[in-house]
Amino acid sequence: MLSELHCLTATLKTSVTALDMDCIDGSVAKKLVATFAEIERVAAAGKTLAMARVESTGVWSTSGATSSAVWLADVTGTSIGAANDTLVIARSVESMPETNSALRNGRLSAAQATEVVRATVKDPTAEQRLLESARRDGLAGVKREAARVIASARDQQDQAAVAKRQRALRSVYFFRDDNGMECGTYRLEPTVGIVLRRRLEKDANRFFNAARRQGTRDTPNNYLADALAALFQPEATEFKGRDFKGPGIEDTQAEGTGSEVSRTVVNVEVNVVVDYEPLLRGHLLPGEKCEIPGVGPISIERARNYLLDGAFLKVLIAKGVDIRTVCHYGRTIPAELNTALRYRDPTCAIAGCERTKGLERHHVQAVAEDGQTSLFNLRRVCEHHHDLFSHHRYTLGLPDPAGKCRLIPPKPPDP
Ligand SMILES: [Zn+2]
């Protein structure tokens with residue numbers, strides 16, 4: 001086996017040494033890249049499987065290395081971090097037959113395998129889905145899917161602990177560098193940080209446009225710095241009209257046309273993409289999605305809060321239903337919302353009433369009292385119960401876990 005591999009390596013070296021790129025046309029070069037990548041993947045698989053054995057037998061320790069990772073990093077000329085990634089795969093892949101076979105067949109790169117393994121360890125039922133994602137969407141795709149799997153496993157175990165840990169990690173540090181620049185770093189909870197980031201990116205873009213009109217050009221990071229500075233130095237830029245009102249609130253006023261940067265238009269858009277069923281259920285199951293694109297998974301509880309806040313982040317329901325069109329002030333009920341309502345309230349929403357025929361839509365908080373036409377402010381109720389709300393001053397209690405609401409009778413008139 002070993003001598004066979006030595007022969008192969010020698011052949012490979014000869015081929016690579018003989019490569020004369022000037023004589024190779026583009027389409028052949030393309031095939032060469034794919035071929036070498038496959039060789040790389042197969043070689044990485046062989047290395048990983050052999051490493052599993054090196055570790056289980058403990059032979060690495062005879063070399064004087066302090067750990068198997070140090071030994072591997074030394075032998076392969078990589079970092080300890082990369083060696084650790086290999087070890088994670090080596091230790092687990094035995095118990096993951098499909099990943100094992102994909103690895104041996106050169107269908108999985110080492111980076112992809114790391115993602116598959118670290119997520120499958122958390123949720124063994126996700127292996128197939130992760131492999132599929134690696135095949136279909138490449139490394140970026142399997143990374144996203146792995147983050148989802150891990151978050152959903154975490155979501156089920158300990159959603160609150162994650163939020164608590166993230167909260168505890170929030171920080172800002174200031175320091176001064178050798179150039180005398182005032183510097184700082186920050187760590188914010190993802191849902192807070194993304195709002196700041198999107199805001200700065202948006203403003204930076206406008207600084208860029210203003211600079212372009214004047215024929216100057218700095219780096220994107222320069223403009224981000226301008227945007228950050230402008231947040232706290234309103235006199236540095238010209239304000240036209242209202243101030244920043246808060247994330248997610250769109251201002252439709254037109255953008256200034258002069259060369260100065262007008263900060264009137266603030267349109268920070270952050271979306272939460274969530275599947276519909278977990279949103280109703282209240283927690284994620286494996287394979288379900290609740291995330292801010294570009295940031296990663298968030299808990300269902302947070303997504304629900306954003307939905308209730310209405311104005312904060314935009315919550316998009318995956319699979320075609322877009323809450324932006326669904327959550328608004330007004331009486332008309334869009335078709336998507338109607339579908340969602342029918343799905344959620346198959347029977348009259350009042351506890352103890354199982355009527356399914358002739359259900360009517362009821363605004364919990366009346367439209368006249370600024371009640372939203374949204375999934376969370378609407379319930380389907382039978383004609384009889386709707387009549388009690390409309391004409392007999394009955395009100396609706398909060399829904400129980402099964403989605404049924406208590407009927408609250410009117411207060412007796414003041415004597
Ligand atoms: Zn009823």
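Procedures and definitions
Residues numbered from 1 in each chain as written. Predicted model: local features only at pLDDT ≥ 70, side-chain atom pairs only at ≥ 80, totals over all residues. Heavy atoms only, no water. Patch = residues over 30% accessible without salt bridge, like charges linked within 9 Å, V, L, I, M, F, W, Y side chains within 5 Å. Areas by Shrake-Rupley, 256 points an atom, 1.4 Å probe, with all protein chains shown as cover. Salt bridge = Lys/Arg side-chain N within 4 Å of Asp/Glu carboxyl O. Helix = DSSP H or I, 4+ residues; strand = E, 2+ residues; numbered from the N terminus. Buried < 20%, exposed > 50% of the residue type's maximum accessible area, 1.4 Å probe, protein only. Pairing = 2+ DSSP bridges. Axes fitted to C-alpha atoms, helices over the stretch in contact; angles between N-to-C directions. Parallel < 35°, antiparallel > 145°, perpendicular 65-115°, else oblique. Left-handed = near helix turned anticlockwise from the far one by under 90°. Contact = heavy atoms within 4.5 Å. Nonpolar A, V, L, I, M, F, W, Y, C, P; charged D, E, K, R; others polar. Donors = N, O, S within 2.8 Å, 3.2 Å for Na, K, Ca; no water. Tetrahedral: all angles 85-135°; square planar, octahedral: opposite > 155°, others 65-115°. Core = buried A, V, L, I, M, F, W, Y, C linked by side-chain atoms within 4.5 Å. pLDDT = per-residue confidence, 0-100. Phe/Tyr/Trp six-rings, centres within 6.5 Å; stacked < 30°, edge-to-face > 60°. Expected span 1.5 Å × (residues − 1).

Enquirer: What's the story with a nonpolar patch on the surface in this structure? I'm lost.
Expert: On the surface, a nonpolar cluster with roughly 510 Å² of combined accessible area is contributed by Val-172, Phe-174, Tyr-186, Leu-188 and Val-192. Tracing the backbone shows Val-192 in helix α8 (residues 190–213).

Enquirer: Even after reading the chapter, I still don't get the pairing of strand β8 (residues 378–381), so can you show me in this structure?
Expert: Along β8, one buried face is formed by Leu-378 and Arg-380 and the opposite face, lined by Arg-379 and Val-381, is buried too. Sheet analysis places strand β7 (residues 360–363) next to β8, joined by four bridges and oriented antiparallel. Looking at β8, one finds that Glu-360 is bridged to Val-381.

Enquirer: How should the packing of helix α2 (residues 26–57) against helix α3 (residues 68–76) be read in this particular structure?
Expert: Axis angle and axis distance: for two packed helices, these are the angle between their axes and the distance between the axes, and together they describe the pair. Closest axis-to-axis distance for the α2/α3 pair is 11 Å, and the angle between their directions is 140°. By the angle class used here, α2 and α3 are oblique. Of the two possible hands of crossing, α2 and α3 adopt the one that is right-handed. Contacts between α2 and α3 involve Lys-47, Met-51, Val-54 and Glu-55 from the former and Ser-68, Trp-71, Leu-72 and Thr-76 from the latter. In terms of residue class, the contact of α2 with α3 is built from four nonpolar, two polar and two charged.

Enquirer: I would appreciate a short explanation of the environment of Gly-138 in the present structure.
Expert: Take Gly-138: it is sitting in helix α7 (residues 127–169). For Gly-138 and Gln-112, which are 26 residues apart along the polypeptide, the C-alpha to C-alpha distance reads 7.6 Å. With residues up to four places along the chain from it excluded, the contact list for Gly-138 reads Gln-112 and Ser-133.

Enquirer: I tried to follow the coordination of the zinc ion on my own but got confused; where do I start?
Expert: Each pair of donors in an ideal four-coordinate tetrahedral metal site encloses 109.5 degrees, whereas pairs in an ideal six-coordinate octahedral site enclose 90 or 180 degrees. Protein coordination at the zinc ion comes from Cys-348 (SG), Cys-353 (SG), Cys-382 (SG) and His-385 (ND1), with a distance range of 2.1 to 2.3 Å. Around the zinc ion, the four donor atoms sit at angles spanning 96 to 119°, and that spread fits a shape best called tetrahedral. Read N to C, the donor residues that coordinate the zinc ion are spaced as C-x4-C-x28-C-x2-H. Across the pair, exposure class does not vary: Cys-348 and Cys-353 are buried alike.

Enquirer: Please explain the nonpolar core as it appears in this structure.
Expert: Inside soluble globular proteins, nonpolar side chains tend to come together where they are buried. Membership of the largest hydrophobic core comes to 20 residues, with the highest contact counts inside it found for Ile-89, Leu-103, Leu-108, Ala-119 and Leu-130. For this core, the secondary-structure elements that each account for two or more residues are α2, α5 (97–104), α6 (110–122) and α7. Top contributing element to this core by residue count: α7, with seven residues. The residues contacting Ala-119, other than those within four sequence positions of it, are Leu-130, Ala-146, Val-149 and Ile-150. Val-272, Leu-279, Ile-292 and Ile-300 belong to the second-largest nonpolar core, a separate cluster that totals 11 residues.

Enquirer: How should the packing of helix α4 (residues 80–92) against α6 be read in this particular structure?
Expert: Two elements in contact, α4 and α6, have axes separated by 9 Å at closest approach and are oriented at 55°. Taken together, α4 and α6 sit at an angle that is classed as oblique. Considering how the two elements wind past one another, α4 and α6 form a crossing that is left-handed. For the pair formed by α4 and α6, the contact residues are Asp-85, Val-88, Ile-89 and Ser-92 on the first element and Ala-110, Ala-113, Thr-114, Val-117 and Val-121 on the second.

Enquirer: How should I be thinking about unusual backbone geometry in this particular structure?
Expert: Negative phi characterises most residues that are not glycine, and trans characterises most peptide bonds. In the Ramachandran plot, Arg-393 falls in the positive-phi region, its phi being about 60° despite a non-glycine side chain. Considering the arrangement of structural elements, one finds Arg-393 in the loop between α14 (383–391) and β9 (395–399).

Enquirer: Just to check I follow, could you spell out the pattern of salt bridges for this structure?
Expert: Between side chains of opposite charge, a pair can form as their charged atoms come close. One pass over the structure, following the stated rule, counts 15 salt bridges. The shortest N-O distance in the salt bridge between Arg-199 and Asp-203 comes to 3.1 Å. In this pair, Arg-199 and Asp-203 are both assigned in helix α8, four residues apart and thus about one turn of the helix distant. As far as the burial class goes, Arg-199 and Asp-203 line up, both buried. The salt bridge partner of Lys-404 is Glu-354, with a shortest N-O separation of 3.7 Å. Placement of Lys-404 in the loop between β9 and β10 (405–408) and of Glu-354 in the loop between α13 (335–344) and β7 is noted, with a sequence separation of 50 residues between them.

Enquirer: Explanation requested: the confidence of the model for the protein chain in the structure shown.
Expert: Mean pLDDT for the protein chain: 79, with 79% of residues reaching 70 or above. Within the protein chain, α14 carries the highest mean pLDDT (92), whereas helix α12 (residues 323–326) carries the lowest (43). Residue range residues 235–268 is modelled with pLDDT below 50. Its contacts to residues more than four positions away, or to other chains, number 69 contacts. The low-confidence segment residues 318–329, where pLDDT is below 50, has 34 contacts with residues more than four positions distant or belonging to other chains.

Enquirer: Please clarify how the packing of aromatic side chains should be interpreted in this entry.
Expert: What characterises a pair of aromatic rings is the spacing of the ring centres plus the angle enclosed by the ring planes. If you walk through the whole model with that rule in mind, you get one aromatic pair. Centroid distance Phe-208 to Tyr-223: 5.9 Å. Interplanar angle 75°. Geometry classified as edge-to-face. Taken as a pair, Phe-208 in helix α8 and Tyr-223 in helix α9 (residues 220–232) lie far apart in primary sequence, 15 residues in all. For Phe-208, a relative accessible area of 23% gives the class partly exposed. According to the relative accessible area criterion, Tyr-223 is buried, its value standing at 4%.

Enquirer: Would you explain α4 in this entry?
Expert: Residues separated by three or four positions in an α-helix point in the same direction, a consequence of the helix having 3.6 residues per turn. With 13 residues, α4 ought to run about 18 Å at 1.5 Å a step, and its terminal C-alpha atoms sit 18 Å apart, in line with that. Within α4, the full set of buried residues consists of Ala-83, Thr-86, Leu-87, Ile-89, Ala-90 and Ser-92. Looking at the buried side of α4, the elements it contacts are α2, α3, α5 and α6.

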